[in-house]
Amino acid sequence: VPPAVTVQMSSPPEQTNAEERARLHQAPHGAKRLGKRRLQVRWAGGVRIFKDKPPYDQPLDGIWWRYCGYSAAAKVHLICEQDSGLFTGKLLGDETGAVLPGGQRVLFSPDQQYYLAYEQPDGQDGETITLYSRSGTTLWRGYNGILSSDGKMVVAEFLNEHWDCH
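Described below are features of the structure shown in this document. Owing to the predicted nature of the structure, the values given are computational and were not obtained by experimental measurement.

It is worth spelling out the overall build of the chain at this point. A count of helical and extended segments in the chain gives 1 helix and 14 strands. The long-range share in the chain, meaning contacts at least 24 apart out of those at least 6 apart in sequence, stands at 38%.

Next comes the structure, spelled out in structure tokens:
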């Protein structure tokens, strides 16, 4: 059984220029910026363009896209997204061109049939985790930890999540 695969945003969105340029070279069929506000990613059978949306100069407003890497094992590109106050992402299937829900960090099961996606809503103390099937169907969604009964305090956080091979 192959090991689990993780793809993730490697830096805060504000630090994108040099780091994103380095990650663009990871794309097996090429990826590049078409100006400051458009990202082009080639997949095995075509091209997908991700366009930022205004307002561009307001913190936590608008939508921006950054190329955050490629997983050869999972055959997906991670496209990080800030949608207003939500730090998340999309997965672009390299074989199909399908755009699936993702997160700022994604952990695939060893057989690549499931994945956990981690999102960070602005103002939430901790991440939200979603369990997806490989087709992008939501199987479960919840807080990345345990909250008090009134939901106001974090009692425990989930750390070092991993997939069992059984």
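Let us look at the sheet that holds strand E4 (residues 46-51). Sheet strands line up and pair through hydrogen bonds in the backbone, either parallel or antiparallel. Taken in spatial order, the 3 strands line up as E2-E3-E4 in an open sheet, and their pairing is antiparallel. What marks the edges here is a single partner per strand, and that holds for strand E2 (31-33) and E4. Strand-to-strand twist across the sheet, computed as the mean angle between neighbouring axes with direction ignored, equals 15°. Along the sheet, helix H1 (residues 17-24) contacts E2 and strand E3 (38-43); its crossing angle with E2, the most-contacted strand, is approximately 150°.

Moving on, we get to the environment of Ser71. In this structure, Ser71 sits in strand E5 (residues 63-71). Linking Ser71 and Pro28, residues 43 residues apart in sequence, is a C-alpha distance of 9.8 Å.

Considering only enclosed or pocket space, the second largest pocket measures out at about 170 Å³ in volume. Broken down by class, the residue content of the lining of the second largest pocket amounts to 5 nonpolar, 3 polar and 4 charged.

It is worth spelling out the pattern of salt bridges at this point. This model, assessed by the stated rule, comprises 8 salt bridges. Put simply, Lys90 and Glu81 hold a salt bridge, and the shortest N to O gap is 4.0 Å. Through salt bridges with shared partners, a single ionic network connects Arg37, Asp52 and Arg66.

Once that is clear, we can look at a nonpolar patch on the surface. A contiguous nonpolar surface patch, about 390 Å² in accessible area, is contributed by Ile146, Met153, Val155 and Phe158. When you line up the elements, Phe158 lands in the segment after strand E14 (154-157). Phe158 gets classed as partly exposed once you look at its relative accessible area, which sits at 36%.

Turning to the state of the cysteines, a few remarks are in order. One way to say it: the disulfide is the covalent bond shared by the sulfur atoms of two cysteines. Evaluation of the coordinates by the stated rule reveals 1 disulfide. Across a sulfur-sulfur distance of 2.3 Å, Cys68 and Cys80 are joined as a disulfide pair. Taking the sign of the S-S torsion, -140° for the link of Cys68 and Cys80, the bridge is left-handed. In this pair, Cys68 is assigned in strand E5 and Cys80 in strand E6 (residues 76-83), connecting sequence segments 12 residues apart. Per residue, the accessibility class of Cys68 equals that of Cys80, and both read buried.

How each quantity is defined
Residues numbered from 1 in each chain as written. Predicted model: local features only at pLDDT ≥ 70, side-chain atom pairs only at ≥ 80, totals over all residues. Heavy atoms only, no water. Helix = DSSP H or I, 4+ residues; strand = E, 2+ residues; numbered from the N terminus. Contact = heavy atoms within 4.5 Å. Pairing = 2+ DSSP bridges. Axes fitted to C-alpha atoms, helices over the stretch in contact; angles between N-to-C directions. 1 Å grid on protein atoms, 1.4 Å probe; cavity = no way out; pocket = protein on both sides within 12 Å on 5 of 7 lines; lining within 4 Å. Points joined across faces, edges and corners; volume = space filled by probe spheres on them. Nonpolar A, V, L, I, M, F, W, Y, C, P; charged D, E, K, R; others polar. Salt bridge = Lys/Arg side-chain N within 4 Å of Asp/Glu carboxyl O. Patch = residues over 30% accessible without salt bridge, like charges linked within 9 Å, V, L, I, M, F, W, Y side chains within 5 Å. Areas by Shrake-Rupley, 256 points an atom, 1.4 Å probe, with all protein chains shown as cover. Buried < 20%, exposed > 50% of the residue type's maximum accessible area, 1.4 Å probe, protein only. Disulfide = S-S within 2.5 Å.

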